[in-house]
Amino acid sequence: MYSNAFDFACTPELSCPSEVATEHQISQIAKFLPTIYKTKAWQLAYSRSRSGTSLSLLYRNLRDTREAVLIIKDSERHVFGAFCPEPLAARMEYFGSGETFLYSFGSGETVDTFHWTTKNPFFIYADADGFGFGADPGFGLFIDKEPVSYTHLRAHETPEHLVCRLLLEKK
């Protein structure tokens with residue numbers, strides 16, 4: 001019987017301790033990464049507490065990365081985010097692949113993941129105003145260039161697919 005050696009949760013090596021996710025949450029996220037990325041060390045490329053809220057700085061810091069794990073903690077301490085398998089840059093067109101996914105930790109340490117439904121090829125869109133993941137019928141997660149207070153990621157199922165929405169509240 002074939003067994004993937006990486007089916008277990010593993011904690012990747014981090015360049016510095018995470019300010020937004022626990023070690024357990026990081027290992028849960030890593031479990032869903034494509035196999036090629038599971039053993040890679042994670043290098044912090046952008047942190048709001050260190051870099052501020054500049055979208056252009058986030059793009060600049062991520063321009064040389066091949067992939068990125070976006071981790072957000074909101075004011076209610078919910079942790080959620082996305083896996084971006086390509087450099088995140090303002091392209092003004094959709095990019096990414098079926099490896100792209102969203103995730104959310106409800107209350108506790110259990111992760112819910114939201115993967116490609118195969119309904120369309122709209123994985124990631126990024127421009128000077130922000131970036132978003134998914135697009136049916138709207139973004140599952142969108143980060144605006146304006147500072148926002150992230151409230152929470154909400155998901156529900158429709159007969160056709162899982163719908164994931166980030167509810168935002170302007171500061």
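You'll find the structure just up there.
Each chain carries its own residue numbering, running from 1 in the direction its sequence is written. Predicted model: local features are reported for residues with pLDDT of at least 70 only, side-chain atom pairs are reported and counted for 80 or more only, and whole-chain, interface and lining totals are derived from all residues. Hydrogens and waters are ignored; side-chain quantities use all the structure's heavy atoms.

Peer 1: What exactly am I supposed to notice about the overall build of the protein chain here?
Peer 2: Each helix is a run of DSSP H or I of at least 4 residues and each strand a run of E of at least 2, with the numbering of both proceeding from the N terminus. In terms of helices and strands, the protein chain carries four helices and 10 strands. Along the protein chain, helices and strands appear, N-terminal first, in the series α-α-α-α-β-β-β-β-β-β-β-β-β-β. In what follows, residue pairs with any heavy atoms lying within 4.5 Å of each other are defined as contacts. For the protein chain, long-range pairs separated by at least 24 residues make up 52% of all intrachain contacts whose partners lie at least 6 apart in sequence. Surface summary for the protein chain: the accessible area is close to 9700 Å², and the carbon and sulfur share equals 53%. The method behind every accessible area is Shrake-Rupley, applied with a 1.4 Å probe, and residues are considered shielded solely by the protein chains displayed.

Peer 1: Explanation requested: the nonpolar core in the structure shown.
Peer 2: Nonpolar side chains in soluble globular proteins tend to end up buried together. Buried residues of nine kinds, namely Ala, Val, Leu, Ile, Met, Phe, Trp, Tyr and Cys, make up a nonpolar core once their side-chain atoms join them within 4.5 Å. Relative accessibility under 20% of the residue-type maximum defines a buried residue, over 50% an exposed one, and the middle range a partly exposed one, all with a 1.4 Å probe and only protein chains included. In terms of nonpolar packing, the biggest core is built from 22 residues, with L88, F131, F133 and L141 touching the most fellow members. For this core, the secondary structure elements donating two or more residues are helix 4 (55-62), strand 1 (68-73), strand 2 (79-84), strand 6 (124-127), strand 7 (130-133) and strand 8 (141-144). Looking at this core, the element that brings in the most residues is helix 4, giving four residues. Among the nonpolar cores identified, the runner-up in size contains 13 residues, and A30, L33, Y37 and W42 belong to it.

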